[in-house]
Amino acid sequence: MAQVSMTVNGKAVKRSVPDTTLLSEFLREHLRLTGTHVGCDTSQCGACVVHVDGRAVKSCTMLAAGADGASVVTIEGLAKDGALHPMQTAFNDNHGLQCGFCTPGMIMSGVDMVARYKAEGRELTEAAIRHELEGNICRCTGYHNIVKSIQDAAARM
Amino acid sequence: MSVADPLPHDSARLHVTGAARYVDDIPLPANALHLAFGLSDVAHGVIEALDLSAVRASDGVVEVLAAGDLARPADVSPSAHDEPLLAEGRVHYAGQPVFVVAATSHRAARVAARRAALRVAPLPAILTVDEALAAGSRFEGGPVVWDKGDAEAAIAAADLVVEGTLELGGQEHFYLEGQAALALPGEGGEMHVIASTQHPTEVQHKVAHALGLPQAMVRVECRRMGGGFGGKESQGNALAVAVAVVAQATGRPCKMRYDRDDDFLITGKRHDFRIDYRAGFGRDGRIRGVAFRHLVRCGWSQDLSLPVADRAMLHADNAYRIPAMRIESHRLRTNTQSATAFRGFGGPQGVAGIERVMDHAAHALGLDPIELRRRNYYAEMPAPRPDRTPYGQEVRDFILGGLTEKLLDGADYAARRAEIAAWNAGQRVLRRGIGFAPVKFGISFTLSHLNQAGALVHVYTDGSVHLNHGGTEMGQGLFQKVAQVAAAEFGVPVSAVRITATDTAKVPNTSATAASSGSDLNGMAVQAACAEIRARMAGHLASLHQITPDAVVFAGGAVQAGGARYSFAEAATLAWQGRVSLSATGFYRTPDIAWDRARGEGRPFYYFAHGAALTEVVVDRLTGEYRILRADILHDAGASLNPALDIGQIEGGYVQGVGWLTTEELVWDNAGRLRTHAPSTYKIPAFGDRPAVFNVALHQGANPAATIHRSKAVGEPPLMLGISALMALSDAVAAFGGGRVYPALDAPATPERVLAAVERMRG
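Residues numbered from 1 in each chain as written. Chains lettered and ligands numbered in written order. Predicted model: local features only at pLDDT ≥ 70, side-chain atom pairs only at ≥ 80, totals over all residues. Heavy atoms only, no water.

Participant: Quick question: what am I supposed to make of the overall build of chain A here?
Facilitator: In terms of helices and strands, chain A carries five helices and five strands. The N-to-C order of helical and strand elements in chain A reads β-β-α-β-β-β-α-α-α-α. Taken against the 2.2 N^0.38 rule, which gives 15 Å for 157 residues, the C-alpha radius of gyration of chain A at 15 Å falls within 12% of a compact globule. Taken over the C-alpha atoms alone, chain A extends approximately 45 × 30 × 30 Å along its principal axes. Taking all 157 residues of chain A together, the buried fraction comes to 58%. For chain A, the accessible area works out to roughly 6100 Å², and carbon and sulfur atoms hold 51% of it. Charge separation in chain A, taken as the distance between the mean sites of 15 positive and 16 negative side-chain charges, equals 2 Å. (Helix = DSSP H or I, 4+ residues; strand = E, 2+ residues; numbered from the N terminus. Rg over C-alpha atoms; globule rule 2.2 N^0.38 Å. Buried < 20%, exposed > 50% of the residue type's maximum accessible area, 1.4 Å probe, protein only. Areas by Shrake-Rupley, 256 points an atom, 1.4 Å probe, with all protein chains shown as cover. Lys, Arg positive; Asp, Glu negative; His and termini not counted. Charge placed at Lys NZ, Arg CZ, Asp CG, Glu CD.)

Participant: Hey, could you run me through the overall build of chain B in this one?
Facilitator: Looking only at helices and strands, chain B has 19 helices and 31 strands in total. On C-alpha atoms alone, chain B measures out to a radius of gyration of 27 Å, which is about the 27 Å that the 2.2 N^0.38 rule sets for 763 residues. In terms of overall dimensions, chain B has C-alpha extents of about 80 × 75 × 50 Å along its principal axes. Scored against the burial criterion, the 763 residues of chain B give a buried share of 64%. Of all intrachain contacts in chain B linking residues separated by at least 6 positions in sequence, the fraction that spans at least 24 positions is 79%. For chain B, the exposed surface amounts to about 25400 Å²; the carbon and sulfur share of it is 51%. (Contact = heavy atoms within 4.5 Å.)

Participant: What is the right way to read the side chain of T750 of chain B from this model?
Facilitator: Position of T750 of chain B relative to the elements: it lies in the loop between helix 18 (723–736) and helix 19 (751–762). The residues contacting T750 of chain B, other than those within four sequence positions of it, are Y626, T662 and E665 of chain B.

Participant: Looking at this structure, I do not really get the sheet that holds strand 18 (residues 430–443) of chain B. What am I missing?
Facilitator: Pairing between the strands of a sheet is mediated by backbone hydrogen bonds and can be parallel or antiparallel. Residues and elements named next belong to chain B. Read from one edge to the other, the open sheet built from four strands follows the order 18-29-30-31, with strand pairing classed as mixed. Of all strands in the sheet, those with a lone pairing partner are strand 18 and strand 31 (693–698), marking the two edges. Across the sheet, the axes of successive neighbouring strands diverge by a mean angle of 15°, strand direction being ignored. Strand direction decides the pairing type here: strand 18 and strand 29 (residues 607–620), joined by 14 bridges, are antiparallel. Within strand 29, the position partnered with G433 by the bridge is V617. (Pairing = 2+ DSSP bridges. Axes fitted to C-alpha atoms, helices over the stretch in contact; angles between N-to-C directions.)

Participant: Would you mind going over empty space enclosed by the protein with me for this structure?
Facilitator: The rolling of a water-molecule-sized probe over the atoms marks out the regions of remaining empty space. Residues and elements named next belong to chain B. According to the stated counting rule, one finds twelve cavities of 30 Å³ or more in the structure shown. In this structure, the largest cavity spans a volume of roughly 180 Å³. Along its surface, the largest cavity is lined by 18 residues, and V76, E83, Y93, A238 and I266 are the ones closest to its centre. Per-class residue counts for the lining of the largest cavity are nine nonpolar, seven polar and two charged. Within this model, the second largest cavity holds a volume of roughly 140 Å³. Split into classes, the residues belonging to the lining of the second largest cavity amount to five nonpolar, four polar and seven charged. (1 Å grid on protein atoms, 1.4 Å probe; cavity = no way out; pocket = protein on both sides within 12 Å on 5 of 7 lines; lining within 4 Å. Points joined across faces, edges and corners; volume = space filled by probe spheres on them. Nonpolar A, V, L, I, M, F, W, Y, C, P; charged D, E, K, R; others polar.)

Participant: Where do I start with the interface of chain A and chain B in this structure?
Facilitator: Frequently, the measure chosen for interface size is the accessible area removed from exposure when the parts meet. Across the boundary between the two partners, chain A contributes 51 residues, which contact 51 residues of chain B. Together chain A and chain B conceal approximately 4100 Å² of surface at their shared face, both sides included; 53% is due to carbon and sulfur atoms. Linking chain A to chain B there are six salt bridges. Along the contact surface separating chain A from chain B lie 24 residue pairs in polar contact (both at pLDDT 80 or more). If you list the elements that add at least two residues to the side of chain A that touches chain B, you get helix 1 (23–30), helix 2 (86–93), helix 3 (103–120), helix 4 (126–132) and helix 5 (144–156) of chain A. Of the residues belonging to the side of chain A that touches chain B, the class tally is 22 nonpolar, 20 polar and nine charged. (Buried area = accessible area lost by both parts, 1.4 Å probe. Salt bridge = Lys/Arg side-chain N within 4 Å of Asp/Glu carboxyl O. Polar contact = N/O pair within 3.5 Å; in protein donor to acceptor, adjacent residues only side chain to side chain.)

Participant: Explain the domain arrangement of chain A here, please?
Facilitator: All names here are of chain A. Along its sequence, chain A is organised into domain 1 (2–77) and domain 2 (86–156). The C-alpha-based centres of domain 1 and domain 2 are spaced at 21 Å. Listed as interface residues are 18 residues of domain 1 and, on the opposing side, 13 residues of domain 2. When domain 1 packs against domain 2, close to 1100 Å² is buried across both sides, 62% of that on carbon and sulfur atoms. (Domains from an automatic or database assignment.)

Participant: Please clarify how the nonpolar core should be interpreted in this entry.
Facilitator: Grouped together as the largest cluster of nonpolar side chains are 158 residues, with contacts concentrated most on F281 and F292 of chain B. In terms of residue count, the dominant contributor to this core is helix 15 (residues 518–545) of chain B (eleven residues). Residues contacting F292 of chain B, with those up to four places away along its chain left out, are I275, D276, Y277, A316, M325, R326, I327, E328, G353, I354 and V357 of chain B. By size, the runner-up hydrophobic cluster in this structure holds 49 residues, among which are V49, A90 and M106 of chain A together with A12 of chain B. (Core = buried A, V, L, I, M, F, W, Y, C linked by side-chain atoms within 4.5 Å.)

Participant: How should helix 14 (residues 478–490) of chain B be read in this particular structure?
Facilitator: Helical geometry: 3.6 residues make up each α-helical turn, so side chains three or four residues apart lie on a common side. Residues and elements named next belong to chain B. In this model, helix 14 (13 residues) spans 19 Å end to end at C-alpha, consistent with the 18 Å of a helix rising 1.5 Å per residue. Extensive coverage of helix 14 is indicated by the burial of 13 of its 13 residues. Looking at the residues trailing helix 14, positive phi occurs at G491, about 65°. (Expected span 1.5 Å × (residues − 1).)

Participant: Sorry, what's going on with the packing of aromatic side chains here?
Facilitator: Where two aromatic rings form a pair, the distance of their centres and the angle of their planes describe that pair. All names here are of chain B. Across all of its chains, the model carries 17 aromatic pairs over all chains by this definition. Geometrically, the ring pair formed by Y606 and Y607 is edge-to-face, given 6.1 Å between the ring centres and 70° between the ring planes. Of the residues examined, Y606 reaches a relative accessible area of 9% and is grouped as buried. Classification of Y607 by relative accessible area gives buried; the value is 1%. By way of ring pairs, the aromatic residues W146, Y391, W595, F605 and F608 are connected into one cluster. Stacked on the ring of W668, the Lys or Arg R297 has its end atom at 4.3 Å from the ring centre. (Phe/Tyr/Trp six-rings, centres within 6.5 Å; stacked < 30°, edge-to-face > 60°. Lys NZ or Arg CZ within 6 Å of the ring centre and 35° of its normal.)

Participant: I would appreciate a short explanation of the sheet that holds strand 2 (residues 11–17) of chain A in the present structure.
Facilitator: All names here are of chain A. Pairing in this open sheet of five strands is mixed, and the strands run 2-1-5-3-4 from one edge to the other. The open sheet has two edge strands with one neighbour each: strand 2 and strand 4 (55–58). Each strand of the sheet is rotated relative to its neighbour by a mean of 40°, with strand direction disregarded. Examined bridge by bridge, strand 3 (residues 49–52) and strand 4 share four bridges and lie antiparallel to one another. Of the residues in strand 4, the one forming a bridge with V49 is K58. Across the sheet, helix 1 touches strand 1 (2–8), strand 2, strand 3 and strand 5 (71–73), and the angle it forms with strand 2 is around 105°.

Participant: So what exactly am I meant to see when it comes to helix 19 of chain B here?
Facilitator: All names here are of chain B. With twelve residues, helix 19 should cover 16 Å at 1.5 Å per step; its first-to-last C-alpha distance of 16 Å lies within 8% of that length. For helix 19, the elements touching its buried residues are strand 29, strand 30 (626–635) and helix 18. Directly after helix 19, the chain includes G763, whose backbone phi takes a positive value near 55°.

Participant: Would you explain the pattern of salt bridges in this entry?
Facilitator: Opposite charge on two side chains allows them to pair when their charged atoms are near. Evaluation of the coordinates by the stated rule reveals 59 salt bridges over all chains. The shortest N-O distance in the salt bridge between D276 of chain B and R293 of chain B comes to 3.0 Å. Here the residue D276 of chain B occupies a position in strand 13 (residues 272–281), and R293 of chain B occupies one in strand 14 (residues 287–299), the gap between them amounting to 17 residues. The structure contains a network of salt bridges with shared partners spanning R28 and D41 of chain A together with D24, D25, K255 and R257 of chain B.

Participant: Before we go on, may I ask you to explain the confidence of the model for chain B in this structure?
Facilitator: For residues with low pLDDT, the predicted coordinates do not support detailed interpretation. Averaged over every residue, the pLDDT of chain B is 97; residues scoring 70 or more account for 100%. Interface predicted TM-score (ipTM) for the complex: 0.98; the corresponding pTM is 0.98. (pLDDT = per-residue confidence, 0-100.)

Participant: Explain the state of the cysteines to me, please; I cannot follow it from the model alone.
Facilitator: Here, disulfide denotes a covalent bond that connects the sulfur atoms of two cysteines. Residue and element names in this part refer to chain A. Tallied over the entire structure, the rule returns zero disulfides over all chains. No disulfide involves C60; its nearest neighbouring cysteine sulfur is the one of C48, lying 3.8 Å away. Note on C60: relative accessible area 10%, which makes it buried. (Disulfide = S-S within 2.5 Å.)

See the structure below:
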């Protein structure tokens with residue numbers, strides 16, 4: 001068993017979990033934050049993306065113990081006081097979802113991407129958005145409206 | 001008026017905040033168990049020994065059951081009762097569940113499931129259609145054959161004959177949410193199942209049968225699926241039955257979700273087809289006759305293969321008037337996963353067959369492939385003398401002539417064709433190609449009695465509306481569309497309508513949400529229920545105000561009766577005080593359809609939905625790699641109930657169709673084991689695969705058939721627009737040979753296949 005302490009969505013949490021517990025499992029099973037989805041179990045689909053110390057991470061690739069001491073933000077922690085994050089608003093307004101299962105991962109990847117490009121002063125082109133999202137799979141939308149959503153959010157952020 | 005508004009998906013806000021619950025997100029009671037199947041890794045054989053002692057001894061394991069341990073035989077088939085939940089004596093494919101483990105965690109169950117000592121004495125496995133044909137391994141005794149006229153004579157008398165073979169691969173659904181089910185045992189033996197399923201009623205039937213309970217004691221619920229695409233029409237039965245059986249045996253709640261690899265290995269996929277064709281054309285480009293032979297690889301059990309293969313036959317004409325036709329359909333049994341429903345349900349394979357014929361003939365005749373197709377189109381609506389399909393249905397609503405013209409004008413086809421030819425002439429390594437595909441898709445279940453739906457609507461005294469119907473939500477936006485229908489009936493904003501989970505305890509005896517029929521059927525049933533309640537309210541208010549009921553107007557969230565204007569809530573309260581029932585069921589059955597499956601004749605479809613796509617690609621001859629440069633789509637959704645959701649279906653359907661025909665390759669090894677069982681080896685379209693330029697528009701126009709607000713079904717038809725990408729690749733490949741040799745490109749046209757085809761061109 002591993003003693004794991006971290007900050008999740010601004011709250012300090014502490015749990016004793018089996019060493020092999022994945023961060024995705026920790027969030028879903030131990031903290032009941034089920035907005036982080038498991039789509040492929042093998043770090044390819046991106047439905048489980050969360051932010052660990054400000055960076056987008058596939059939470060099914062990381063052990064909970066590996067995030068000990070870190071600050072983690074999940075899809076549930078994005079809205080502030082009931083006000084949606086601009087990325088959430090953009091996905092809602094631009095029909096950037098259908099079944100919704102990939103949506104939390106897309107949004108978390110999108111927020112990370114826009115923040116990085118802004119911090120580095122780089123232009124987030126449509127081609128760049130596509131390239132950045134190669135690790136996120138959507139089976140419903142054909143991606144068109146997801147790209148539009150991120151472009152829209154980038155303008156709002 | 002809420003109908004036709006491009007409103008967001010009903011759960012959009014829940015999805016963007018992570019608050020939407022799927023089966024695996026539902027909090028479990030404290031003593032819940034988690035299940036996993038132990039699988040056969042042999043494609044065909046006799047179980048000689050199954051030692052489960054190490055499984056039982058594994059950490060956290062509470063129960064382990066093999067077929068012989070079940071209280072009664074449990075079948076999970078949607079059709080022929082030929083799929084035992086757990087293998088009985090023999091295994092029929094690699095991936096077949098042999099036993100089930102229940103443990104205190106998902107991981108403990110999975111770990112334990114790998115500890116069995118299973119010894120199988122192998123038998124010869126039939127893996128390919130050739131092996132199945134040679135062994136006579138098939139369903140229905142022999143091929144199904146439909147003849148219209150004398151196709152062979154027509155072909156023999158034609159000016160030009162083209163013949164060949166088209167291989168079409170299968171397709172994994174890859175719904176992002178894997179299969180999942182949860183069983184909560186209730187008092188007196190009742191069972192409540194929450195499942196990710198397109199067919200709650202069938203799950204109810206299978207669970208009731210497996211538990212030895214009347215259907216009334218089993219309740220099945222589904223709020224949403226994380227994608228379905230046909231893969232949750234029958235393939236969820238096994239999980240639902242497993243959790244219910246173990247819940248009954250242990251008295252504890254049970255949940256099961258397939259790990260992605262297990263999902264690939266256990267569940268069925270789209271049927272792969274081999275289509276042999278011979279077709280005769282006149283020098284005028286008119287088709288004289290076609291003969292098709294469909295070899296359909298059905299897998300080990302019957303599942304839905306017969307209606308899938310039927311629908312392929314019913315779409316072998318696609319958009320074309322064919323004077324003489326013969327279709328021979330072989331439904332072959334193999335030792336592979338049982339192929340199942342997948343968006344289009346055989347239609348895409350049938351359409352791809354005739355589109356290949358058209359492409360091949362255009363090449364042979366030296367005609368523009370689109371021109372050749374247009375010469376063979378059915379007569380355009382309103383036709384003084386409508387054509388008939390090979391199965392005898394009048395084609396009264398054909399609009400592809402006008403739709404094609406509009407698409408080609410908007411996409412600047414003629415100029416681009418010339419520009420591409422000029423560009424290609426100056427290239428050494430690259431060639432561009434352009435391809436077109438129309439689709440005419442028949443709407444209705446071909447099993448006519450399935451074309452029915454029910455709804456249950458309550459109005460409360462605060463004016464809120466509780467909406468329920470038999471359709472299931474898998475992302476397609478059905479719930480939103482139907483809520484818009486309900487809101488329009490009552491003249492209230494959509495926010496007043498509360499959408500609720502599909503539930504066999506509310507609306508019984510439902511059909512699967514399939515065949516693109518969800519909004520057609522359930523929209524009408526909901527409208528009927530709302531109209532009933534509205535009529536009762538109007539009757540009451542009319543008597544209060546001494547006016548006729550038709551003078552009571554429901555609009556803008558208010559009810560106008562005589563000189564009085566009530567809020568909808570006030571009107572509902574008045575009706576309640578007047579002891580008027582504010583709850584109603586609604587029912588709908590599709591009119592005018594009749595289908596004689598044995599003879600292959602009748603009117604199986606209430607109407608046809610149409611669309612057309614033009615796709616441009618560029619191919620690299622050194623690697624076979626390609627990119628989609630541009631796609632233009634015009635699609636017929638009738639008078640759309642929600643244009644934003646419909647366009648989403650079209651974009652997603654096209655990309656999924658392109659995936660099927662290009663990158664999505666299923667590979668079984670010589671022992672019948674599926675080697676592509678994860679996204680690492682099975683490539684569904686990703687962000688970079690979508691066309692660089694993607695123009696999608698709705699072809700506006702009311703459905704001549706009396707559907708809900710004159711809309712048309714839109715779930716499946718756009719998938720076939722992806723065929724245009726295969727045609728574009730064929731065009732680009734042909735350009736490497738200067739157009740001398742027909743590429744005869746099979747699908748999926750992976751870069752390897754394209755490279756091999758380019759090599760053939762260069763001879």
